[in-house]
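Topology and contacts: notes
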Amino acid sequence: MAKDNSGDNPGPYRPETLAVAFGFDPQTAMGAVKPPVYLTSTFIYPSAQHAKDVHRAFFDAEGPLVGISNHIYSRLGHPGLDILETRLAAIDGAEAAAAFSSGMAAHSSIALAFVRPGESVLYGRPIYGGVDMLYSQVMPQFGLHFENYLDGTDPEGVRKAADAALAKGPLALIVAETPANPTAAIVDLDLMVAVADEVGTRTGKRPLVVVDNTLLGPFAQRPIEHGVDLCMTSLTKYCAGHSDLLAGGISGRTDLIHQLRTLRTTWGNHLDPFTSWLVVRSLESASVRIERAMSNARLVAEFLRDHPKVAGVTYLGFLPEGSRRREVYDRQCKGAGSTFSFHLHGGEAESFRMLDHLRLLKLAVSLGGSETLICHSATTTHYAVPREMRLAGGITDGTMRLSVGLEHPDDLIADLRQALEAV
Ligand SMILES: *Cc1c(COP(=O)(O)O)cnc(C)c1O
């Protein structure tokens, strides 16, 4: 019996192939081609001895049931999680993966699992607002220190920031979001890994490199292949891709994922059976959706770049030849994504006029869904950021973030054209 789709070994298959069926064995579900949704909170033991063996395997990693999928209670693990985590790890090219109830649940779990009071974290700005809040405001209440780098492609600047972090306490994590929200600032993953190795050699404690891969997703950017320790993805966005659920995933080495899974049992922030099933289903078509969204985005970005009322477009595909960021992009990314920003001539009033004239594009935060979403950054996603900091990060009063979806690109462009006429 061929077990190509279900075994632990992804074999020679590419991520697009693994996304379709890997991680589920129809033999476990009466031959059903698709996995069932295992809506249960608890699992029956065939005997008292089996119950003891299951607990021994889970808590002590000993006994006859080690390595065999057995379940106790859904907060500790359930079949839907097994399928999703096996598939996600295979797609990311990692040893293992863990799924959480949201992207922020995944980020918080990393912070709580791998940083101790007195240690420091180095992360780049700009970064997703929730991650910034986590490391600059929430974790400092637990005795954590933080430091930022501002250009993730500048070796000297990143090393200086790492030294500043080390001056505050042992460096536990280097966190990178690339491309970063909302300006598409790029971070050099090879540089992050090199700096972590250097810190490890110098201090005897090598920080873990954590990458948020949400904006390009697992098909267009492959952080694990660059040697990062943990690859985090908000599955809410492109991977699930329909703006109808929240979920987060982390891929990485077995020992690190094991720690995260064990603690997840205590914190109770696992992904539930139905949402796990929805994500598994969505992963099958993710690469095709992302490809189409990316080709639509290029056409929309080109239209905006050439429009007289648009002051500029921050789109990875337009990085100038010969620039350092372009060199990193060419080495690291297989596509420019479909989320980018553009800047209108004018400010809030002009932006609002344009937004209120849109008929097809939807005014909402979030990204990576099948529908195209747009928002005015300064008054929504970056509302709480002081104006000077916003401007320093490239967000003007005329900046809008666009997440291009799967509509016909001509319809998107026509809608933007008529809305821009109203400015
Ligand atoms: C949305 C997002 C998150 C948080 O994910 P949730 O699923 O909303 O919790 C983290 N990082 C990035 C880059 C995101 O876009």
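Parameters and conventions
Residues numbered from 1 in each chain as written. Predicted model: local features only at pLDDT ≥ 70, side-chain atom pairs only at ≥ 80, totals over all residues. Heavy atoms only, no water. Pairing = 2+ DSSP bridges. Helix = DSSP H or I, 4+ residues; strand = E, 2+ residues; numbered from the N terminus. Axes fitted to C-alpha atoms, helices over the stretch in contact; angles between N-to-C directions. Contact = heavy atoms within 4.5 Å. Near = heavy atom within 4 Å. Polar contact = N/O pair within 3.5 Å; in protein donor to acceptor, adjacent residues only side chain to side chain. Nonpolar A, V, L, I, M, F, W, Y, C, P; charged D, E, K, R; others polar. Parallel < 35°, antiparallel > 145°, perpendicular 65-115°, else oblique. Left-handed = near helix turned anticlockwise from the far one by under 90°. Buried < 20%, exposed > 50% of the residue type's maximum accessible area, 1.4 Å probe, protein only. Phe/Tyr/Trp six-rings, centres within 6.5 Å; stacked < 30°, edge-to-face > 60°. Lys NZ or Arg CZ within 6 Å of the ring centre and 35° of its normal. Expected span 1.5 Å × (residues − 1). Core = buried A, V, L, I, M, F, W, Y, C linked by side-chain atoms within 4.5 Å.

This brings us to the sheet that holds strand S4 (residues 171-177). Pairing in this open sheet of 7 strands is mixed, and the strands run S1-S7-S6-S5-S4-S2-S3 from one edge to the other. Two strands bound the open sheet, and with one partner strand each, they are strand S1 (96-100) and strand S3 (145-149). If you compare each strand with its neighbour and ignore which way they point, the axes differ by 20 degrees on average. Across 3 bridges, strand S5 (residues 208-212) lies against strand S6 (residues 230-234) in parallel orientation. Its bridge partner being in S6, Val-211 is matched across the sheet by Cys-231. Across the sheet, helix H4 (residues 103-114) touches S1, S4, S5, S6 and strand S7 (248-252), and the angle it forms with S6 is around 150 degrees. Across the face of the sheet, helix H7 (residues 189-203) comes into contact with S3, S4 and S5 while running at roughly 175 degrees to S4.

Here we take up the site of the ligand. Not every one of the 13 residues close to the ligand is listed here, only the nearest: Gly-103, Met-104, Asp-212, Thr-236 and Lys-237. Between the ligand and Gly-103 there is a distance of 2.8 Å, counted from an oxygen atom to a backbone nitrogen or oxygen. Counted by class, the shell around the ligand contains 4 nonpolar, 6 polar and 3 charged residues.

Bringing the packing of H4 against helix H5 (residues 129-138) into the picture now. Look at H4 against H5: their axes get within 10 Å of each other, and the N-to-C directions meet at 25 degrees. The pairing of H4 with H5 is recorded here as roughly parallel in orientation. As H4 packs across H5, the resulting crossing turns out to be right-handed. Listed contacts from H5 to Met-104, His-107, Ser-108, Ile-110 and Ala-111 of H4 are Gly-130, Val-131, Leu-134 and Tyr-135. Here the contact of H4 with H5 is built from residues that sort into 6 nonpolar, 3 polar and no charged.

Assignment of secondary structure puts Gln-221 in the loop between helix H8 (217-220) and S6. Relative accessible area serves as the criterion here: at 0%, Gln-221 is assigned to the buried category. In this structure the side chain of Gln-221 is engaged in a polar contact, spanning 3.4 Å, whose partner is the side chain of Gln-332. Residues in contact with Gln-221, not counting those within four places in the same chain, are Thr-178, Pro-179, Asn-213, Leu-216, Gln-332 and Cys-333.

What follows deals with the packing of aromatic side chains. Tallying each qualifying case throughout the model produces 6 aromatic pairs. Pairwise contacts between aromatic rings join Tyr-123, Tyr-135 and Phe-146 into one cluster. We note Lys-168 situated over the ring of Phe-146; from NZ or CZ to the ring centre the distance is 5.9 Å.

It is worth spelling out the environment of Gln-221 at this point. Sequence separation between Gln-221 and Arg-298 is 77 residues; the distance between their C-alpha atoms is 17 Å. Within the structure, Gln-221 has its side chain in polar contact with the side chain of Asn-213 (distance 2.8 Å).

With that out of the way, let us pick up the sheet that holds strand S9 (residues 339-344). Strand order in the open sheet formed by 5 strands is S8-S9-S12-S11-S10, with mixed pairing between adjacent strands. Looking at which strands have only one partner, the edges of the open sheet turn out to be strand S8 (310-314) and strand S10 (362-363). Taken together, the 4 bridges between S8 and S9 define a ladder with antiparallel strand orientation. Each residue of the ladder has a partner; that of Gly-312, found in S9, is His-343. The strands touched by helix H12 (residues 348-357) are S9, S10, strand S11 (373-376) and strand S12 (399-403); relative to S11, the strand with the most contacts, the crossing angle is about 155 degrees.

Once that is clear, we can look at the side chain of Asn-148. Among the structural elements, Asn-148 can be located in strand S3. Using a relative accessible area of 16% as the deciding quantity, one classes Asn-148 as buried. Within the structure, Asn-148 has its side chain in polar contact with the backbone oxygen of Tyr-123 (distance 3.2 Å). Side chain to side chain, Asn-148 and Arg-125 meet in a polar contact 2.8 Å long. Ignoring sequence-local partners within four residues, the contact set of Asn-148 consists of Leu-122, Tyr-123, Arg-125 and Ala-161.

Over its 14 residues, helix H3 (residues 79-92) extends 20 Å from the first C-alpha to the last, a length consistent with the 20 Å expected when each residue adds 1.5 Å. The buried fraction of H3 is high, at 12 of 14 residues. Of all the positions in H3, only Pro-79, Gly-80, Leu-81, Ile-83, Leu-84, Glu-85, Arg-87, Leu-88, Ala-89, Ala-90, Ile-91 and Asp-92 are classed as buried. Positive phi shows up at Gly-93, right after H3, with a value of about 75 degrees.

Another point: the nonpolar core. Counting residues in each nonpolar core, the largest one holds 66 residues, and the members touching the most others are Leu-304, Phe-340, Phe-342, Met-354 and Leu-402. Residue contributions to this core peak at 12 residues, all from helix H10 (residues 273-305). Residues in contact with Leu-304, not counting those within four places in the same chain, are Val-310, Val-313, Phe-340, Phe-342, Leu-402, Leu-416 and Leu-420. Judged by nonpolar contacts, the second largest core, of 29 residues, contains Ala-98, Leu-208, Leu-230 and Leu-256.

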